[in-house]
Amino acid sequence: MESTATAAFLPTELYRSEAVAALEREHYASRFWHPVAAAADLPPGHVRAVELLGMPVLLCHSGSGVVRAFRNRCPHRAVAFREPSEGTVACRRLVCPYHGWTYDLDGALLAAAREAEFVEPFDRGAWPLEGLGCQVRASLIWVAPGADPIPLDEQLDLPLREAAAALAQPLVPLAFHGQNLACNWKIAHDNTLDDYHVAIAHPTTLHRMQGPVRGYSHRFGTWANVLSTPWLETAADSARVDAEFLTFGLPPWNHLLVWPDGRLAMIQFLPKELNSCTMQVWLLGPEARRVEGEALMAEMVRFLNEDRALVESAQQGYGEGFRTGPPHRLEARILHQQAIYAALLGPWYASGRMPR
Ligand code: FES
Ligand SMILES: [Fe+2]
């Protein structure tokens, strides 16, 4: 599909409204699947509590080998079974710390304390854990928080078409990095979709990896887009490696980097406050590269820190009355993702205040 980009950037008022942020959670973010953990970090017989869009979620890998996600709320009186601070824990049964209702990792109630003494006759089968959409793709566990998500294979349309082999490899986490940025998540997302700034702002870091601008090529799916650049690394025998480094932009706020050498990175900008977000970066690769993990992440953090100064400065400028200038051809990936945002939020936003 061709890009459905609009000819102007989103109005900056959308970056500073609490009402818009609430609409984003309800009608934009909830329509997508979200990577919440590396699949290799949740072996069979383990559970892990995470938070997604403010919702407590429990990931369970049962003995039957299926990874499931549940709302981390006991159906009796809403207490959480586990806390995110515990990390991944070996677990055969989930026992609620409040009154001891006990579940298997497939979400079925096995027993409740003093079961014969409920006020009304008690039916275990009527009280399973509340399940959420959960799938494993690209070695990550993806969860759908909403009732009506866009199918994950559609959300990942372009990566599945252009990097199917890389996404099918079972990879392990090589490193993880998280930090807060003092900007609205959209400024950070726009920046990571921006192929206009790389040569100027990252001359000795990302620009070296992506190579000359004349080698850039853009492709657009319905939901995802990609910048492809020739892979410039030479093999040990100095023969030129003929491959592409792929940088995918994905809704709602994600970026998937695919290197020809078997590495993947997932970068997310999770909304925090109106003027802040949390950047999370997973670097995944073959087991044999685990020793290099921290060094490879440090390379990424160098250009991400160059971006940090820019996005935090832009945030200062996106105040009342600021109107953005004209988009450049190399900013087409920003317009593509902003058109998706506008299409999903438009019907919910006061008419005439969203871009065409
Ligand atoms: S809240 Fe879990 S058993 Fe009561
Ligand atoms: Fe950048």
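How each quantity is defined
Residues numbered from 1 in each chain as written. Chains lettered and ligands numbered in written order. Predicted model: local features only at pLDDT ≥ 70, side-chain atom pairs only at ≥ 80, totals over all residues. Helix = DSSP H or I, 4+ residues; strand = E, 2+ residues; numbered from the N terminus. Rg over C-alpha atoms; globule rule 2.2 N^0.38 Å. Buried ≥ 20, exposed ≤ 12 C-beta atoms within 10 Å, placed from the backbone. Contact = placed C-beta atoms within 7 Å. Axes fitted to C-alpha atoms, helices over the stretch in contact; angles between N-to-C directions. Parallel < 35°, antiparallel > 145°, perpendicular 65-115°, else oblique. Left-handed = near helix turned anticlockwise from the far one by under 90°. Nonpolar A, V, L, I, M, F, W, Y, C, P; charged D, E, K, R; others polar. Pairing = 2+ DSSP bridges. Domains from an automatic or database assignment.

A. Broad picture of the overall build of the protein. Along the protein, the regular secondary structure elements total nine helices and 17 strands. What you see for the protein is a C-alpha radius of gyration of 22 Å, in line with the 21 Å of a compact globule of 356 residues. Structurally, the protein occupies a C-alpha span of about 75 × 60 × 35 Å along its principal axes. A buried classification covers 35% of the 356 residues belonging to the protein. Sequence separation of 24 or more characterises 62% of the internal contacts of the protein that already satisfy a separation of 6 or more.

B. Here's a closer look at the packing of helix H5 (residues 185-192) against helix H8 (residues 293-317). Where H5 contacts H8, the axes come no closer than 10 Å and their chain directions differ by 130°. Considering the angle they form, H5 stands oblique to H8. The hand of the H5/H8 crossing is right-handed. Within the contact between the two elements, H5 uses Ile187, Ala188 and Asn191 and H8 uses Asp307, Leu310, Val311, Ala314 and Gln315. Its residues assigned to classes, the contact of H5 with H8 comprises five nonpolar, two polar and one charged.

C. The arrangement of the sheet that holds strand E3 (residues 55-61) in detail. Reading across the sheet, the seven strands line up as E1-E10-E9-E4-E3-E2-E5 and stay open at both edges, with antiparallel pairing between neighbours. In this open sheet, the two edge strands, each paired with only one partner strand, are strand E1 (34-38) and strand E5 (88-90). Within this sheet the neighbouring strands show an average axis-to-axis angle of 30°, counted without direction. Direction of pairing for E1 relative to strand E10 (residues 140-144): antiparallel, over a ladder of four bridges. When the bridges of E10 are listed, proline 35 appears paired with tryptophan 142.

D. How the structure looks around the sheet that holds strand E14 (residues 244-250). Pairing is antiparallel in the open sheet, where seven strands are placed in the order E11-E17-E16-E15-E14-E13-E12. The two strands at the open ends of the sheet, each matched to only one other strand, are strand E11 (172-181) and strand E12 (217-220). Averaged over all neighbouring strand pairs, the angle between strand axes comes to 15°, with direction disregarded. Judged from the eight bridges that link them, strand E16 (residues 264-271) and strand E17 (residues 277-285) form a sheet pairing that is antiparallel. Along E17, the bridge assignment pairs leucine 270 with threonine 278. The sheet contacts of H5 involve E11, strand E15 (254-258), E16 and E17, and relative to E16 the element is tilted by about 155°.

E. Layout of the pairing of strand E4 (residues 67-71). When you tally the buried positions in E4, you get four out of five residues, the bulk of the element. By the bridge criterion, five bridges tie E3 to E4 in an arrangement that is antiparallel. Counted as the bridge partner of leucine 59 is alanine 69 from E4. Turn length for the E3-E4 hairpin, with the two strands adjacent in sequence and antiparallel, is five residues, and the turn residue glycine 65 shows positive phi of about 90°. Both E4 and strand E9 (residues 131-137) contribute to a ladder of two bridges, which runs antiparallel. Counted as the bridge partner of phenylalanine 70 is glycine 131 from E9.

F. Structural detail: the domain arrangement of the protein. When the domains of the protein are assigned, the result is domain 1 (12-31 + 154-348) and domain 2 (41-135). For domain 1 and domain 2, the distance between their C-alpha centroids amounts to 34 Å.

G. The arrangement of the environment of histidine 328 in detail. Mapped onto the elements, histidine 328 comes out in the loop between H8 and helix H9 (332-345). On the neighbour-count criterion, histidine 328 (12 C-beta atoms within 10 Å) is exposed. Separated by 320 residues in the primary sequence, histidine 328 and alanine 8 have C-alpha atoms spaced 9.9 Å apart.

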